[in-house]
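Working through the structure, step by step
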Amino acid sequence: MANTTAQPPKKSSGTTTKTNNQSEKIAALEAQIKMLTDLLMAQQTAQATAPAAQPAAGKRFEEVTVVHMVERAEGLRTHIELSHMTIDFRKFGEERTLSLMDFEELVGKYRSFFERGILAVGDGEVDVAKRYGIKVTTEYPINRDLVKKLGTMSMTELEELYTKLGEGHRKFILEQWRRKCLQNNPNFKDIRKLEVLNRLSDGAMESVILDMRTQSEKEKIDEAKAARK
């Protein structure tokens, strides 16, 4: 009797080709995934080691320097009340550094101080000034050095300066002159300069001039009395 052992069915060539195609697709996908993974890791490494990007100059700011551009008479101050603080400016050139939030509140509540030249922002913050429609210190014709030499100016220089100033700074000049006269500073107790300021200010220095003339007459009388003794 003939041997009739069963043989496994042969795979068709079509099945073999289909399997090979699937393997190739899987291999291609795995290679693509690996390439994308390597690229992502390279980007993450580059971002981690790169220096932090700096904001463009003048585009962002967190703090603002505010400068006091006047000086009150003895005992007087420029008083400011904000939600988070109270500020009292007393000296010319006095500075405060405020957060952006506090600065915006200051401009909102006390814009007239900036418009009258009582306050300004620091000269390095031009972009801030433009954004809020105010001035930096260098836009005013008065500064620390000018204040220091105020008493030694000629009458012509004094008149030229006064006519260039706004209301706030004119008041500051007059107050400064009165204070120095009370302190008997000889550079300020100049009757000719006082008369110039009195004319330019429509009589604001009249009382100072009267006091000086009264004092001068008193001294003459005292000298005459002393001479007769």
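As a reminder, the structure under discussion sits directly above these lines.
To keep things clear, this report deals only with the structure shown in the data block. (Residues numbered from 1 in each chain as written. Predicted model: local features only at pLDDT ≥ 70, side-chain atom pairs only at ≥ 80, totals over all residues. Heavy atoms only, no water.)

1. So, the overall build of the protein chain
Helix and strand content of the protein chain: nine helices and five strands. Classification of the 229 residues of the protein chain by burial places 31% in the buried group. Here the protein chain displays about 15,800 Å² of accessible surface, and carbon together with sulfur accounts for 52% of that area. (Helix = DSSP H or I, 4+ residues; strand = E, 2+ residues; numbered from the N terminus. Buried < 20%, exposed > 50% of the residue type's maximum accessible area, 1.4 Å probe, protein only. Areas by Shrake-Rupley, 256 points an atom, 1.4 Å probe, with all protein chains shown as cover.)

2. Things to note about helix α7 (residues 167-182)
Residues three or four positions apart in an α-helix share a direction because the helix packs 3.6 residues into each turn. End to end, α7 covers 23 Å across 16 residues, agreeing with the expected 22 Å (1.5 Å per residue, within 8%). Along α7, the positions that sit buried rather than exposed are Gly168, His169, Phe172, Ile173, Leu174, Glu175, Gln176, Trp177, Arg179 and Cys181. Against the buried residues of α7 lie α5 (144-148), α6 (155-164), α8 (191-200) and α9 (206-228). Looking one or two residues beyond α7, the residue adopting positive phi is Asn184, at roughly 60°. (Expected span 1.5 Å × (residues − 1). Contact = heavy atoms within 4.5 Å.)

3. Details of the pairing of strand β3 (residues 86-89)
Bridge analysis of strand β2 (residues 78-81) against β3 gives four bridges, and the strand direction is antiparallel. Bridge pairing in β3 places His79 opposite Asp88. Following β2, the chain reverses through four residues before pairing antiparallel with β3. (Pairing = 2+ DSSP bridges.)

4. What to know about helix α2 (residues 100-109)
Among all positions in α2, only Asp102, Phe103, Glu105, Leu106 and Val107 are buried. Looking at the buried residues of α2, the elements they touch are β1 (63-68), β2, β4 (95-99), α3 (111-115), β5 (119-121) and α4 (126-132).

5. Some points on the layout of surface pockets
Taken as a whole, the largest pocket holds about 260 Å³ of empty space. If you go around the largest pocket, the residues you meet are Arg178, Cys181, Leu182, Asn184, Lys189, Ser207, Val208, Asp211, Met212, Gln215, Ser216 and Glu219. Tallied by class, residues from the lining of the largest pocket come to four nonpolar, four polar and four charged. Looking at the second largest pocket, its volume works out to about 180 Å³. (1 Å grid on protein atoms, 1.4 Å probe; cavity = no way out; pocket = protein on both sides within 12 Å on 5 of 7 lines; lining within 4 Å. Points joined across faces, edges and corners; volume = space filled by probe spheres on them. Nonpolar A, V, L, I, M, F, W, Y, C, P; charged D, E, K, R; others polar.)

6. Details of the sheet that holds β1
On the basis of which strands lie adjacent, the open sheet formed by three strands has the order β4-β1-β5 and antiparallel pairing. One side of each edge strand has no neighbouring strand; the edge strands of this open sheet are β4 and β5. Geometrically, the sheet is characterised by an average inter-axis angle of 30° between neighbouring strands, direction not taken into account. In this structure, β1 lies alongside β4, joined through five bridges in antiparallel fashion. Bridged to Glu63 within β4 is Ser99. Sheet strands in contact with α2 are β1, β4 and β5, and its direction is about 110° off that of β4. (Axes fitted to C-alpha atoms, helices over the stretch in contact; angles between N-to-C directions.)

7. Some remarks on the pattern of salt bridges
Enumeration over the complete set of coordinates arrives at 10 salt bridges. Glu105 serves as the salt-bridge partner of Lys109, at 4.0 Å between the closest nitrogen and oxygen. Of the two residues, Lys109 and Glu105 both sit in helix α2, four residues apart, roughly one turn of that helix. Here Lys109 falls in the partly exposed class, since its relative accessible area comes to 48%. (Salt bridge = Lys/Arg side-chain N within 4 Å of Asp/Glu carboxyl O.)

8. Some thoughts on the nonpolar core
Core analysis: the largest hydrophobic core is formed by 48 residues, its most contacted members being Ile80, Phe103, Leu106, Phe114, Leu119, Ile142 and Trp177. Sorting elements by how many residues they give to this core places α7 first, with five residues. The contacts of Phe103, once residues within four sequence positions are left out, are Val64, Val66, Leu98, Phe114, Val121, Val128, Tyr132 and Ile134. (Core = buried A, V, L, I, M, F, W, Y, C linked by side-chain atoms within 4.5 Å.)

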